[in-house]
Amino acid sequence: FANVAEANIVRLEISRTEPFAASQPFGAVGAYEKIIGIAHGELDPAHPLNSNITDIDKAPRNAADKVEYSSAFVILKPADMSKSNGALLYDVNNRGNMRALVQFNSAAGSNDPSTPEHGGNGFLMRQAYSILWSGWIPNLPNDVYLKLNTPVAQGVEAEIWDEFLFNNREGGRAALSYSAITRDTKQAKLYVRKSNADEPQLLSPDKWEFTGDRLIRLLPEGERFQMGSIYQIVYRARNSPVAGIGFAATRDLVAFLRRQSDSKTNPLAHNGQVSISRTLAHGTSQSGRYLRDFLYRGFNEDENNRIVFDGMNPHVATGRLFLNFRFAQPNRMLHIAHGFQYFPDISFPFAYGDSKDPFSDKTEGILTRCTARNTCPKILHTNTGTEYWQSGQSLVTTDPAGKTDAPVPAKCTHLPFRLNAARRAGDNAKGGLRHAPQHA
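Spatial ordering of the open sheet is given by 8-12-11, a layout of three strands whose pairing is antiparallel. The two strands at the open ends of the sheet, each matched to only one other strand, are strand 8 (173-175) and strand 11 (208-212). Strand after strand, the sheet turns through a mean of 30° between neighbouring axes, direction not considered. Pairing of strand 11 with strand 12 (residues 215-218), which is carried by four bridges, proceeds in the antiparallel orientation. Within the sheet, the bridge partner assigned to E209 lies in strand 12 and is R217.

Structure follows, in C-alpha cells:
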C-alpha cells in the first residue's frame, strides 16, 4: 500500500488478514480480525525531531536522501470498523512479547494471538478497541516476530562492554550483545567478581575463548561460569544499529494509522474517513520505561507537529531505556542488588515534573519537552511495592536526592493508591508491603 499524506510511512506490506478467535462475536461489537504486516518507513535525518537519534547522520541514505527502516506489526480490530470506539491501544512489546491481552483480557499468552483462548474474557474487544503491536527493538532473535530492521552506523567502531551472570547451572557459554571484531582474547578483557562491592578480577586470556563472534566460554573446555558471579567482558565491536529509530518507528506508524483517511492504504480507516480519534499506549516494565524515554526525548510529536499519544500507562516502570545510544542494549535493566548497575537505563531526570540534578546542576523532567511543545499525554503511572524496594521508583516521586517530594507538573494529580483491607492485611501478614508506599 502506497502512502502520500503521511510521508514517513511509505508503504504498508500486508502479509495476512484473517479472522480472530474463529470469528466469535464480542458482544455488540461483533467479530474481530487480525492483520499482520510490515511498515516501511523513511526518516529525514535533518528534521529537528529526528536529528536527536544517535548516529542517524551516519546511516546510509536512499535516493531521496532519507534513512530507511522497517517494522513488523500486528493489528487486532473490529471486522466492522463502524463499530470501533475510536480508540487505538498501542501495547509496547516487551522483548518481542505481546502482553496486552494477557494483562487486560486475562488471556492465554501468545505472540501470534489467533484462538478464542487468546481473546480471554474479551474485555478490550467488547469495549471496541483497536489494538496495535509493532517492532521497536533492533537485533531481536530470529524466532521473535515483532522485529525492527534498522540501518547500521557506517564507519563506527568502539570498545564496548557486556555484563552477565548465571542463576542456574547451565552456564557453559555466554552470549555477547554484539559481534567482536576479533576473537583474539588478548584484545579483550574478561573480569569476574562475586558482588558489586568486590574488586573485579581480570581473567588470564588463556582461561577463556571465543567460540563464535558473539559467544565465549571458559577454559579448559567444560569449565562452567560460576553461578551468581558477575562477569564483565570488554571488547571492540562495529556495526552499531541506529537503535533510536525504534522511537521514531512507533511514532510514525501510530501517526499514520491515526491520521491517514484513505481506506485503501490504512486498515483502520473506514469509508474514506479516519476511525481513530484517540490513541493510548501501555507498557509494562521494560515497555513502560520505553514510554517514559519516548516522552522525554520528544517523540510524542510527529513530524507535522501533532500529538501522537493522548494517554499513556507506564506500569511497574522505573527509569528510562538504554536505546538511543551507540551499541544500545535496550533489554538491559538496572539491578541494584546484584550486577547490571552501570548501564545508562537509569539516569536523570526521573520525575515527570522539573527537578534539579545535584550532580550536573541540570533542571528538567520527563515532560519538559512535551510541555514546551504542548504535546504531553495524560499519564497514569502505576507501580507496586516491588518497584520502590528494588528499582528506585521513589525517584519518580521525590527530588533526585530523595529528600523532598518531586514537583507535580501542572494539570497533574498525585494520588495514593490504597489496597483494600483484606489485601492489605494479607500482604502485611507476609511482610510484603508493610512499609512500601503505593502510588498511581
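Read on, since the account is not over.
Our next topic: unusual backbone geometry. With an omega dihedral of 5°, the bond running from L219 to P220 counts as a cis peptide bond. The backbone of S106 shows a phi angle near 50°, a positive value even though the residue is not glycine. Structurally, S106 can be placed in the loop between helix 1 (100-105) and helix 2 (116-119). With a phi angle near 65°, N139 is a residue other than glycine that sits in the positive phi range. Counting through the fold element by element, N139 comes out in the loop between strand 5 (130-134) and strand 6 (148-149). By relative accessible area, which is 47% here, N139 ends up partly exposed.

Tallied over the entire structure, the rule returns 21 aromatic pairs. Three or more aromatic residues joined by ring pairs make a cluster, and in this case those are Y90, W136, F247, Y290, F294, F299 and F309. One residue, R292, lies across the ring of Y352, its end atom 5.1 Å from the ring centre. Across from the ring centre of Y296, 4.1 Å away, lies the NZ or CZ of R320, which sits over that ring.

Looking at the element boundaries, V192 is found in strand 9 (residues 189-193). Those residues in contact with V192 that lie beyond four places of it in its chain are E199, P200, Q201, L203, S229, I230 and Y231.

Enumeration over the complete set of coordinates arrives at 27 salt bridges. D213 is the salt-bridge partner of R183, the closest N and O atoms lying 2.9 Å from each other. Of this pair, R183 sits in the loop between strand 8 and strand 9 while D213 sits in the loop between strand 11 and strand 12, placing them 30 residues apart in sequence. We classify D213 as partly exposed; its relative accessible area is 36%. A salt bridge links D310 to R258, with the shortest nitrogen-to-oxygen separation between them at 3.0 Å. In this pair, D310 sits in the loop between helix 5 (286-296) and strand 15 (311-315) while R258 sits in helix 4 (residues 245-259), placing the two residues 52 residues apart along the sequence.

The next thing to look at is the sheet that holds strand 9. In space, the four strands of this open sheet follow the order 7-13-9-10, with antiparallel pairing throughout. Two strands close off the open sheet at either side, each with one partner strand: strand 7 (157-165) and strand 10 (201-202). Where strand 9 and strand 10 come together, two bridges link them in antiparallel fashion. When the bridges of strand 10 are listed, Y191 appears paired with L202.

As a further point, take the layout of surface pockets. In this approach the atoms are scanned with a rolling probe the size of a water molecule, which exposes any empty space left behind. Reported here for the second largest pocket is a volume of approximately 400 Å³. Taken together, 17 residues line the second largest pocket, and the ones lying closest to its centre are L176, S177, R214, Q329 and N331. Of all the elements, strand 7 adds the most residues to the lining of the second largest pocket, at three residues. Broken down by class, the residue content of the lining of the second largest pocket amounts to nine nonpolar, four polar and four charged.

Attention now moves to the state of the cysteines. This structure, assessed with the given rule, holds one disulfide. Here C370 pairs with C376 through a disulfide, and the sulfurs are 2.0 Å apart. Classification of the bridge connecting C370 and C376 rests on its S-S torsion, roughly 90°, and on that basis the disulfide is right-handed. Exposure remark for C376: the relative accessible area of 26% places this residue in the partly exposed category.

A separate point is the packing of helix 4 against helix 5. Where helix 4 contacts helix 5, the two axes come as close as 11 Å, and the packing angle between them is 85°. Judged by the angle between their axes, helix 4 and helix 5 are roughly perpendicular. On helix 5, the residues that touch G246, F247, T250 and R251 of helix 4 are Y290, D293 and F294.

Our next topic: the confidence of the model for the chain. Chain-level statistics for the chain give a pLDDT mean of 89 and a share of 90% at 70 or above. Segment residues 1-5 is flagged for pLDDT under 50; beyond a separation of four residues in sequence, or across chains, it makes 14 contacts in the model. Considering only residues more than four positions removed or in separate chains, one finds that residues 417-440, a stretch of pLDDT under 50, has 31 contacts.

Conventions adopted
- Residues numbered from 1 in each chain as written.
- Predicted model: local features only at pLDDT ≥ 70, side-chain atom pairs only at ≥ 80, totals over all residues.
- Heavy atoms only, no water.
- Pairing = 2+ DSSP bridges.
- Helix = DSSP H or I, 4+ residues; strand = E, 2+ residues; numbered from the N terminus.
- Axes fitted to C-alpha atoms, helices over the stretch in contact; angles between N-to-C directions.
- Buried < 20%, exposed > 50% of the residue type's maximum accessible area, 1.4 Å probe, protein only.
- Phe/Tyr/Trp six-rings, centres within 6.5 Å; stacked < 30°, edge-to-face > 60°.
- Lys NZ or Arg CZ within 6 Å of the ring centre and 35° of its normal.
- Contact = heavy atoms within 4.5 Å.
- Salt bridge = Lys/Arg side-chain N within 4 Å of Asp/Glu carboxyl O.
- 1 Å grid on protein atoms, 1.4 Å probe; cavity = no way out; pocket = protein on both sides within 12 Å on 5 of 7 lines; lining within 4 Å.
- Points joined across faces, edges and corners; volume = space filled by probe spheres on them.
- Nonpolar A, V, L, I, M, F, W, Y, C, P; charged D, E, K, R; others polar.
- Disulfide = S-S within 2.5 Å.
- Parallel < 35°, antiparallel > 145°, perpendicular 65-115°, else oblique.
- pLDDT = per-residue confidence, 0-100.

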